[in-house]
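Read off the chains here:
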Amino acid sequence: MRHILSTQQFLNRKELAGIFKKADVFEKADRRGEIAKPLRGKILACLFYEPSTRTRFSFESAMLKLGGQVISTESAGHFSSAIKGETLEDSIRIISGYSDMIVLRHHEPGAAERAARVSDVPIINAGDGDGEHPTQALLDFYTIQKELGRVDNFKIAMAGDLLYGRTIHSLIYLLSMSRGAEAHLVAPPALRLPEKYKDYLSSRGINFFESDNLENTLAKVDVLYMTRVQKERFASARLYERVKDAFVLNKELLAKLRQRAVIMHPLPRVNEISQEVDSDKRAAYFRQAKNGLYVRMALLDILGKRSPKTGGKKL
Amino acid sequence: MRHILSTQQFLNRKELAGIFKKADVFEKADRRGEIAKPLRGKILACLFYEPSTRTRFSFESAMLKLGGQVISTESAGHFSSAIKGETLEDSIRIISGYSDMIVLRHHEPGAAERAARVSDVPIINAGDGDGEHPTQALLDFYTIQKELGRVDNFKIAMAGDLLYGRTIHSLIYLLSMSRGAEAHLVAPPALRLPEKYKDYLSSRGINFFESDNLENTLAKVDVLYMTRVQKERFASARLYERVKDAFVLNKELLAKLRQRAVIMHPLPRVNEISQEVDSDKRAAYFRQAKNGLYVRMALLDILGKRSPKTGGKKL
Amino acid sequence: MRHILSTQQFLNRKELAGIFKKADVFEKADRRGEIAKPLRGKILACLFYEPSTRTRFSFESAMLKLGGQVISTESAGHFSSAIKGETLEDSIRIISGYSDMIVLRHHEPGAAERAARVSDVPIINAGDGDGEHPTQALLDFYTIQKELGRVDNFKIAMAGDLLYGRTIHSLIYLLSMSRGAEAHLVAPPALRLPEKYKDYLSSRGINFFESDNLENTLAKVDVLYMTRVQKERFASARLYERVKDAFVLNKELLAKLRQRAVIMHPLPRVNEISQEVDSDKRAAYFRQAKNGLYVRMALLDILGKRSPKTGGKKL
């Protein structure tokens, strides 16, 4: 059995290629309305201690499309015996008795790791606080491959909050597997990428450039990965006001982006990408969200088959 | 593809008759436990920004009985990325990638219309603020047909809050298609039907009479459609106290109602119909709620078959 | 048709044996991944006016494993038309039109009884305030049978809050059917078992002993059933401090427990059983939680077959 806890467990080109190929297969089958039901009879528990309708729906839809069933809680943190003082470990021990896989969303970094230690069934980390959200990183990288047609030899700008952005940090690990990739790290001075990630890029031979100017970067890249710059991250409102407009992609800036570039965003977006950009064919963020469905189907399929409960015999 | 956004899109006797016939067929099949599963493999997303357990359960049960599956949120407004500032449009774009139909309940009038503009899949309006709740109107009209055995030549009293009552306004549109219908509009002076609806009735040749006396109306009608008179709607508690008792259907008033009349209510009722009325065979409001299941099955079946995702080939 | 409202309706050894045998069969089938789907086409409504993720998941998983489907509300009390003043009875009348069985969790004692009076479909009481939680009692007793291999001739200690502990009170009814059982009632003076339950034990010929010393009891019993001692139950913090440590099962106390004894707990546990106890093979509380799945499958199977909606013909 295996869990999905961290992006770093996928630093294997061959394994990634296998997952992405499976995602492709599921997408095609879905279009034809002819998905096999490999997880028939299996139950996925969605245990969300903090709400995330999008992520939850994406996993639930993936499970149902594979023929499985779902039990689900929108906001266990407000509700459940967590209030009475039950540990996460006890909750997981019990719920793993009622399900074949558990998707866990929790506010504490390391929660998924703790859950995996006591669970009888696979744990899938769907975000643990400032920690990891590995399936987001996988769908991001899958989107790059799908939109560009390659995972090597491309230039990517990562723009916005690189200091706290969980999705940025996870993507950097996957990016490090690309050959000939080049990263443009575009952030306000206060929100630069932490040293440890820059060291990691260096150690893996990925060239990177730091800047606080989005506009000048646009003509240089194949992928523009936008994230939000949140007011709360700044020491003062004045500091925020000074930089915020420079990190909004609007039609004017769009004109400077390469014709075959790809615009990505982990969503939700607020105003860091203007709505006028949505109709541009380079805007890939809604396709990116949809890709999440197929990547998650691939992952559920892999984990579901490995589940010790069936011994894999019928799969 | 089509959406269900407003009652006014159903102002077509032939189409209504088709929907109602389908509802009849599903009811009979349900009784025999032999419903076909035309929506097998389809997923309905229930996206409720404000909670409505009854309406949600009714749609979910309808979808499951048709062989489909459901992903659901009880109260997206409190929880989801709406809090982070995501627009309804973005949420719909994403969720329409995870589902084949979306039932939307939202607090803002026009929300369903906005959703439909960006959705890849059919949107069903399950109530948008003071706006529309078309499936309620359909089940109301279906109940009239089923209880009376006809949709023409009947007299209906609509009693209670005719000023704000969304269900009343929607029903008036459907009523306008009846031949020889007569409407008795019974409301406290402060809660009379807005002019636009009276004009509409006139333009469609439906006779109507206004009054504030429920008691005197009872002997005249085939259908009594009750709604709640809410204290908050009155300028003062004194004004409310003066009228409230006149709009409570109790056993005493019941005696004045025609022997073959039908009592309806959109529910929830509080005290505008006394519980002593429940056992009267004319009390149709719980049958009315149940009819909602079959009308919604009919609508889901129609929309599900039209969904572009399958091209309708297997249906 | 029958409802599950109270533990006392199961005071029949033969009926209990039938339920437990069915639970055994389902467990074995589940292990082989070969459960029949007797409830295919049936819908279970989980109507939780107060949240209980564990109990809800357990029922939902049971229903899905039997081939049925689920509609569910996590916290109807905060959300639904209950807020608008609808009675429980009206809610049940309506929801019983959308489902084949209803699992009800409510904060008011007697709620399940009231629901059963108006429901068209079986009601299962999943806890009504300080009232009953019969399926918990059944899974407790099932666990004793499974762990000890017998339901007669055993000694059980019930420790903790015997005054308010709903699970203790329910278990006492089932215990009264055992031949040669002996009960050790271990509680702080302020939280002793109410007279009515002691009278009941006496009337059924069950020997019992009262004490406030857990340590001295451990060597005498085959089953140790722990419950929480809540601070709020004490008149003063000082009174609580004086007794609380005596009711915590830790590794030291564990050494005094019989080698083949069984440790049970209705869960959630907070600190009344130290985590160091979890790895002891006598610690049966997580197995006990899992047993709940199979007992509930047995009960749903029985009720589902009796449901008047199908006339039982296909079952």
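Residues numbered from 1 in each chain as written. Chains lettered and ligands numbered in written order. Predicted model: local features only at pLDDT ≥ 70, side-chain atom pairs only at ≥ 80, totals over all residues. Heavy atoms only, no water.

Description of the side chain of Asp278(C)
Residues and elements named next belong to chain C. Counted only if it meets this: To qualify as a helix, a DSSP run of H or I must reach at least 4 residues; to qualify as a strand, a run of E must reach at least 2; elements of each kind are numbered from the N terminus. Using a 1.4 Å probe on the protein chains alone, a residue whose accessible area is under 20% of its type maximum counts as buried, one over 50% counts as exposed, and one in between counts as partly exposed. The term polar contact refers here to a pair of N or O atoms within 3.5 Å; inside protein, the definition further demands a hydrogen-donor-capable atom paired with an acceptor-capable atom, and it admits residues adjacent in sequence only when both atoms are side-chain atoms.
Relative to the assigned elements, Asp278 resides in the loop between β9 (262–264) and α12 (285–306). The class for Asp278 is buried, based on a relative accessible area of 16%. For Asp278, the side chain forms a polar contact with the side chain of Arg269, separated by 2.5 Å.

Description of the UniProt feature "binding site: L-aspartate" (unreviewed entry) in chain A
Our working definition: UniProt positions are given in the numbering used here, feature names are shortened, and annotations may be inferred rather than shown by experiment. Only heavy atoms enter the contact rule, under which two residues are in contact if any of them lie within 4.5 Å.
Summarizing the sequence annotation, UniProt attributes the feature "binding site: L-aspartate" (unreviewed entry) to Lys84(A), Arg166(A) and Arg228(A) in the numbering used throughout. For this annotated set, covering 145 residues, the C-alpha atoms extend up to 35.7 Å from each other, a dispersed arrangement in space. Mapped onto the elements, Lys84(A) comes out in the loop between α3 (76–79) and α4 (88–95). With near-sequence residues (within four places) excluded, Lys84(A) lies in contact with Arg228(C), Pro268(C) and Val270(C). Residue placement: Arg228(A) occurs in the loop between β8 (223–226) and α10 (237–244).

Some words on the packing of helix α7 (residues 166–175) of chain C against helix α8 (residues 195–203) of chain C
Pairs of packed helices are described in terms of their axes, by the angle between the two and the distance that separates them. Residues and elements named next belong to chain C. Worth spelling out the cut-off: Only C-alpha atoms enter the line fits that serve as axes; for helices the fit covers just the stretch in contact. Angles between N-to-C directions range over 0 to 180 degrees. Any angle from 65 to 115 degrees is called roughly perpendicular, while one under 35 is roughly parallel, one over 145 is roughly antiparallel, and all others are oblique. By definition, turning the near helix anticlockwise from the far helix through less than a right angle yields a left-handed crossing, and turning it clockwise yields a right-handed one. All residues other than Ala, Val, Leu, Ile, Met, Phe, Trp, Tyr, Cys, Pro, Asp, Glu, Lys and Arg, Gly among them, are scored as polar; the first ten of these are nonpolar and the last four charged.
In contact at an axis separation of 10 Å, α7 and α8 are set at 15° when each is read in the N-to-C sense. It follows that α7 is roughly parallel to α8 by the angle criterion. Read as a crossing pair, α7 and α8 show a hand that is left-handed. Between α7, through His169, Ile172 and Tyr173, and α8, the contact on the second element is made entirely by Lys196, Tyr197, Tyr200 and Leu201. A class-by-class count of the residues in the contact of α7 with α8 yields five nonpolar, one polar and one charged.

A few points about unusual backbone geometry
A cis amide bond, omega 0°, links Leu267(A) with the succeeding residue Pro268(A). Relative to the elements of secondary structure, Pro268(A) occurs in the loop between β9 (262–264) and α12 (285–306). If you check the backbone angles, Asn153(C) has positive phi at about 55° while not being a glycine. With respect to the element layout, Asn153(C) can be found in the loop between α6 (134–148) and β5 (155–159). Under the relative-accessibility criterion, Asn153(C) is labelled exposed at 53%. Its identity as a non-glycine residue notwithstanding, Leu267(C) has a phi of 60°, on the positive side. By secondary structure assignment, the location of Leu267(C) is in the loop between β9 and α12. Exposure remark for Leu267(C): the relative accessible area of 9% places this residue in the buried category.

Concerning the pattern of salt bridges
Just so we agree on the cut-off: A side-chain nitrogen of Lys or Arg and a carboxyl oxygen of Asp or Glu constitute a salt bridge if their distance falls within 4 Å.
Counting across every chain of the model gives 84 salt bridges over all chains. A salt bridge links Arg54(A) to Glu86(B); its shortest N-O distance comes to 2.9 Å. Residue Arg54(A) is located in helix α2 (residues 53–65), and its partner Glu86(B) is located in the loop between α3 (76–79) and α4 (88–95); the two belong to separate chains. Across the pair, exposure class does not vary: Arg54(A) and Glu86(B) are buried alike. We note a salt bridge from Lys22(C) to Asp301(C), for which the minimum N-O separation is 2.6 Å. In this pair, Lys22(C) sits in helix α1 (residues 13–32) while Asp301(C) sits in helix α12, placing the two residues 279 residues apart along the sequence. One connected set of salt bridges, linked through shared partners, spans Asp90(A), Arg93(A), Arg269(C) and Asp278(C).

Digging into the pairing of β8(A)
A regular strand carries its side chains on alternate faces of the sheet. Residues and elements named next belong to chain A. We apply this condition: A pair of strands is treated as paired once DSSP finds two or more bridges between them.
Side chains Val223 and Tyr225 of β8 all project onto a buried face; the interleaved residues Leu224 and Met226 project onto the opposite face, where all are buried too. With four bridges joining them, strand β5 (residues 155–159) and β8 adopt parallel strand pairing. Within β8, the residue paired with Ala157 across the bridge is Leu224. One ladder, built from three bridges, connects β8 with β9; its direction is parallel.

Here's the deal with the UniProt feature "domain: Aspartate/ornithine carbamoyltransferase Asp/Orn-binding" (unreviewed entry) in chain A
Under the feature "domain: Aspartate/ornithine carbamoyltransferase Asp/Orn-binding" (unreviewed entry), the UniProt entry names residues 153–302 of chain A. From the first C-alpha to the last, residues 153–302 of chain A spans 29 Å; its make-up is 35% helix and 15% strand.

Brief notes about the relation of the copies chain B and chain C
To keep it simple, the criterion reads: Superposing the copies works by least squares over the C-alpha atoms of residues that have pLDDT at least 70 in both of them.
For the pair chain B and chain C, the superposition axis carries a translation of 0.0 Å, the fit reaches an RMSD of 0.0 Å, and the rotation angle comes to 120°. Taken together, the turn and the small shift mark the pair as related by a three-fold rotation axis. When C-alpha distances to the rotation axis are compared across chain B, the minimum falls at Glu74(B), with a value of 4.7 Å. Taken as a fraction of all interface residues of chain B, those also at the interface in chain C reach only 11%, which identifies the copy contact as different-surface.

Focus: the packing of α6(C) against α7(C)
Residue and element names in this part refer to chain C. As a packed pair, α6 and α7 sit with axes 9 Å apart at the nearest point and diverge in direction by 55°. With respect to each other, α6 and α7 are oriented oblique. The element α6 and its partner α7 pack so that their crossing is right-handed. Facing α6, whose interface residues are Gln136, Ala137, Leu138, Asp140 and Phe141, α7 presents Thr167, Ser170, Leu171, Leu174 and Leu175.

Considerations on the interface of chain A and chain B
Contacts between chain A and chain B engage 29 residues on the former and 27 residues on the latter. Remark: the boundary between chain A and chain B carries three salt bridges. Seen at the junction of chain A and chain B, the total is eight residue pairs in polar contact (both at pLDDT 80 or more). For the side of chain A that touches chain B, the secondary-structure elements that each account for two or more residues are α1 (13–32), α2 and α12 of chain A. Of the residues assigned to the side of chain A that touches chain B, the class counts are nine nonpolar, eight polar and 12 charged.

Overview of the interface of chain B and chain C
As a reminder of what qualifies: As a working definition, buried area equals the accessible area (1.4 Å probe) given up by two parts on being put together, with both sides summed.
Taken together, the contact pairs 28 residues of chain B with 27 residues of chain C. Buried surface at the junction of chain B and chain C, both sides included, amounts to about 2,400 Å², of which 56% is carbon and sulfur. Seen at the junction of chain B and chain C, the total is three salt bridges. Remark: the boundary between chain B and chain C carries eight residue pairs in polar contact (both at pLDDT 80 or more). The residue makeup of the side of chain B that touches chain C, split by class, is nine nonpolar, seven polar and 12 charged.

A closer look at the relation of the copies chain A and chain B
The operation relating chain A to chain B is a screw motion whose rotation component is 120°, with 0.0 Å of axial translation and a residual RMSD of 0.0 Å. Little of the interface of chain A is mirrored in chain B, where only 10% of its interface residues are also at the interface.

Focus on the domain arrangement of chain A
All names here are of chain A. Heads up, the rule is: By convention here, the domain bounds are inherited from an automatic or database domain assignment.
Assigned domains within chain A: domain 1 (7–132 + 292–306) and domain 2 (135–283). Look at where the C-alpha atoms of domain 1 and domain 2 centre, and you get two points 27 Å apart. Across the contact, 25 residues belong to domain 1 and 21 residues belong to domain 2. Interface area, domain 1 with domain 2, both sides summed: about 2,000 Å², of which 61% is carbon and sulfur. In this structure, the connection of domain 1 to domain 2 is made through two salt bridges. Note that Arg13 is salt-bridged to Asp152, the shortest N-O span being 2.7 Å. Connecting domain 1 to domain 2 are seven residue pairs in polar contact (both at pLDDT 80 or more).

Describing the packing of aromatic side chains
Residue and element names in this part refer to chain B. Condition: In this scheme Phe, Tyr and Trp rings, the latter by its six-membered ring, pair at centre separations within 6.5 Å, and the angle between planes marks the pair as stacked below 30 degrees, edge-to-face above 60, and tilted otherwise.
Enumeration according to the criterion identifies 18 aromatic pairs over all chains in this entry. Between Tyr173 and Tyr200, the aromatic rings sit 4.8 Å apart at their centres with planes inclined by 65°, giving edge-to-face as the arrangement. Here Tyr173, found in helix α7 (residues 166–175), pairs with Tyr200, found in helix α8 (residues 195–203); they are 27 residues apart in sequence, far enough to count as distant. On the basis of relative accessible area, Tyr173 is assigned to the buried category, the value being 8%.

Here we look at the sheet that holds strand β1 (residues 43–48) of chain B
Read across the open sheet, the four strands follow the order β2-β1-β3-β4 (chain B); overall the sheet is parallel. Single-partner strands in this sheet number two, and they are β2 (69–73) and β4 (123–128) of chain B. The sheet shows a mean angle of 15° between the axes of neighbouring strands, direction not considered. With five bridges connecting them, β1(B) and β2(B) associate as parallel partners. Residue pairing across strands places Ala45(B) opposite Ile71(B), the latter belonging to β2(B). Relative to the sheet, α2(A) contacts β1 and β2 of chain B, its axis offset from that of β2(B) by approximately 170°. Its contacts with the sheet place helix α2 (residues 53–65) of chain B against β1, β2, β3 (101–106) and β4 of chain B, and it is angled at close to 160° to β2(B).

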